[in-house]
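# Overview (structure and organization)
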Amino acid sequence: MNGFLIAFAVSFGVVFVAELGDKSQLMALTFATRYRALPVLIGITIATAVVHAVSVAVGYGLGAALPTGWIALVAAVAFLGFGAWTLRGDTLTDDEQSKAERSTGSAVVAASVAFFLAELGDKTMLATITLATQYGWFGTWLGSTLGMVAADALAIVVGRQLGRHLPERAIKFGASGLFFIFGVWLLVDALAQINGVSPTEALARVLDHHLAGWIALGLGLVAMLLGVFGRSRMRRAGATSGRPTRRAGTPAWWARVLFGVALLLGLGAPLLVATDVVQPIALFDEPGWVAGGAAVVLLGTALLLAAQHSRVALQARGADQVTATRGLHARIRNPGLTGIVVATAGLLLMVPTLLGVLAAVLVVVAVHVQVRAVREPGLARRHGEAYDAYAARTGRFLPRTPGQREPAAARTPARDGDRR
């Protein structure tokens, strides 16, 4: 009995910790935004139980390894297919929608297959194989299975919260993007295993600073165009506060100038790196920074688009952000500007240069000028005490933490010509 408890405790702890921040947690979060939580958890449990049974058999009885490189390649293709399928979307009749909401089979199958393919050859499988060579097979299997399910259940809770507060379109594009990222991730890992090199080496051979510069430039341009398109949609829906002032020297004018200069520098930096005119900062010139930066750019862009969609949705209901009771603006006063700062930081991570640092600083300054001297004073003037209550329950750029209070300086009056 003591041997079983030791095997269970060790394998549960090792696998639970290994899963924190792993792609499997992100996958669980993604599935939870598309399906109900219970079928997803059942699918994860089935896949994990099977994979870890194989792992225990390999480590405890066979002492051999599966051809994980080719399995990872199949998983990569499957995830790219999941991404395309999610992006395409489906249109259901009312009757089909009702059946889909009651059905658990498709979610269980999708989660089971996805997690089974992704976990074959993953570090948790290898950890389970190693543990099975040292401890009893049953305790190792049960502990590692429950450890992974517990870690992914945490991610499902997060995914369900996102599903309640983000627009359906943002969820669809976000989930599709994550599936594509998983597919590329698995593809790089599969090719690295097949060719006998580490994923870092394989990525480094392809992703030099020239390619990183072009990718960063492309992502920056896409983010800018999507933001412009979203802004036009807001204007057509009447979800903006009117045309901004063009009078030189006003806070609104300075904010526009700073945003424009930051945009030029932010897009110019990756272009100069891609064409070998400027060299990136050597300390951060690694493929891992490029991949992480790209994820941050996508996150910031998604936040900006979600904020614009929220403003349009509020306008359609005859409300505005001060009276919002759900959605992004019910928790954050300026989520779109937060998204711009996050996307700029992502570009800086992808292509770290002094020009990029200057662009990031200018964006932060422009955001504070726009918020503190233009936007919030205008809202305070229009809504009076209602805005005071709104500011007390929301954060300026991030959700307010319990006990946090808004400083009185948040409502500094602005001139009438400065409003947007």
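In short, a report on the structure.

Core analysis: the biggest nonpolar cluster contains 18 residues, and M27, A28, F31, V40, I44, F115 and I156 have the highest contact counts within it. Within the residue set of this core, elements represented by two or more residues are α2 (23–34), α3 (37–62), α6 (105–119) and α8 (137–165).

This paragraph deals with the packing of aromatic side chains. Counted by the stated rule, this structure contains 4 aromatic pairs. Ring geometry for F8 against F12: centres 6.0 Å apart, planes inclined by 25 degrees, an arrangement best described as stacked. Within this pair, F8 and its partner F12 are both found in helix α1 (residues 2–19), separated by 4 residues, close to a single helical turn. Overall, the relative accessible area of 28% leaves F12 in the partly exposed class.

Below, the discussion takes up empty space enclosed by the protein. For the structure shown, the criterion picks out 2 cavities of 30 Å³ or more. Counted as a void, the largest cavity has a volume near 70 Å³. Lining the largest cavity we find G266, A269, P270, T344, L347, L348, V351, G356 and A359. At the level of secondary structure, the elements contributing two or more residues to the lining of the largest cavity comprise α12 (251–274), α14 (335–350) and α15 (354–383). Its residues assigned to classes, the lining of the largest cavity comprises 6 nonpolar, 3 polar and no charged.

The next point concerns the pattern of salt bridges. Overall, the coordinates contain 2 salt bridges when judged by the stated rule. The salt bridge partner of E376 is R333, with a shortest N-O separation of 2.8 Å. One end of the pair, E376, is in helix α15; the other, R333, is in the loop between α13 (287–316) and α14, with 43 residues separating them in the sequence. Like E376, the residue R333 is buried in the burial classification. When the shortest N-O distance is used, the salt bridge between R396 and E376 registers 3.1 Å. One end of the pair, R396, is in the segment after α16 (385–393); the other, E376, is in helix α15, with 20 residues separating them in the sequence. Given the relative accessible area of 9%, R396 is considered buried. Because the salt bridges share partners, they merge into one network encompassing R333, E376 and R396.

Conventions adopted
- Residues numbered from 1 in each chain as written.
- Predicted model: local features only at pLDDT ≥ 70, side-chain atom pairs only at ≥ 80, totals over all residues.
- Heavy atoms only, no water.
- Core = buried A, V, L, I, M, F, W, Y, C linked by side-chain atoms within 4.5 Å.
- Buried < 20%, exposed > 50% of the residue type's maximum accessible area, 1.4 Å probe, protein only.
- Helix = DSSP H or I, 4+ residues; strand = E, 2+ residues; numbered from the N terminus.
- Phe/Tyr/Trp six-rings, centres within 6.5 Å; stacked < 30°, edge-to-face > 60°.
- 1 Å grid on protein atoms, 1.4 Å probe; cavity = no way out; pocket = protein on both sides within 12 Å on 5 of 7 lines; lining within 4 Å.
- Points joined across faces, edges and corners; volume = space filled by probe spheres on them.
- Nonpolar A, V, L, I, M, F, W, Y, C, P; charged D, E, K, R; others polar.
- Salt bridge = Lys/Arg side-chain N within 4 Å of Asp/Glu carboxyl O.

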